[in-house]
Amino acid sequence: MVAVKYLAGLSVGSPLETGETRTVDVTAEALDKSTAYEGDEVTYTATVKDNTAASLPATFVADLELDGEKVITGQVFDVAVYESATGLLTLTFTVPATLGAHTVKLVWAEQLI
């Protein structure tokens, strides 16, 4: 039996569009109070943009945590809390029953928007 020779070539191809991956940058985090008690309202502010300095979409979702305890869950970055022109996020939460020094952080999951 004689071997068959196949010449080099390429197919016509099939289109594939790829997405872009960005990270979230949180800067200028601040609280309107340095001391608070259970039941007090505290306002957290931060500038939140992506790594290209673009504002996040209004459908972006994050939680606000006080040492890992969620004080705001599933906050959508709509116009009520997020200024897309500046990236300023403003969230007000009620202090839970806890004593001591704590850290308030913004936490988000991976999102495809």
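Residues numbered from 1 in each chain as written. Predicted model: local features only at pLDDT ≥ 70, side-chain atom pairs only at ≥ 80, totals over all residues. Heavy atoms only, no water.

1. Points about the pattern of salt bridges
And then number 1: For the structure on display, the rule yields four salt bridges.
And then number 2: The shortest N-O distance in the salt bridge between Lys-70 and Asp-63 comes to 3.0 Å.
And then number 3: Connected via shared salt-bridge partners are Glu-20, Arg-22 and Asp-50. (Salt bridge = Lys/Arg side-chain N within 4 Å of Asp/Glu carboxyl O.)

2. Focus on the nonpolar core
And then number 1: Among the nonpolar cores identified, the biggest contains 20 residues, and Tyr-44, Val-48, Phe-77, Leu-89, Phe-93 and Leu-106 are the most heavily contacted of them.
And then number 2: Of all the secondary structure elements, the ones that give two or more residues to this core are strand 2 (41-50), strand 3 (61-66), strand 6 (88-94) and strand 7 (104-107).
And then number 3: Among the elements that take part in this core, strand 2 stands out by supplying four residues, more than any other. (Core = buried A, V, L, I, M, F, W, Y, C linked by side-chain atoms within 4.5 Å. Buried < 20%, exposed > 50% of the residue type's maximum accessible area, 1.4 Å probe, protein only. Helix = DSSP H or I, 4+ residues; strand = E, 2+ residues; numbered from the N terminus.)

3. A word on the sheet that holds strand 5 (residues 82-83)
And then number 1: Reading across from one edge, 1-2-6-5 is the order of the four strands in this open sheet, with antiparallel pairing throughout. Whereas interior strands pair on both sides, the edge strands pair on one side only; in this sheet they are strand 1 (24-31) and strand 5.
And then number 2: Sheet topology places strand 1 next to strand 2; six bridges connect them, and they run antiparallel. In the strand pairing of strand 2, Val-26 is matched with Val-48. (Pairing = 2+ DSSP bridges.)

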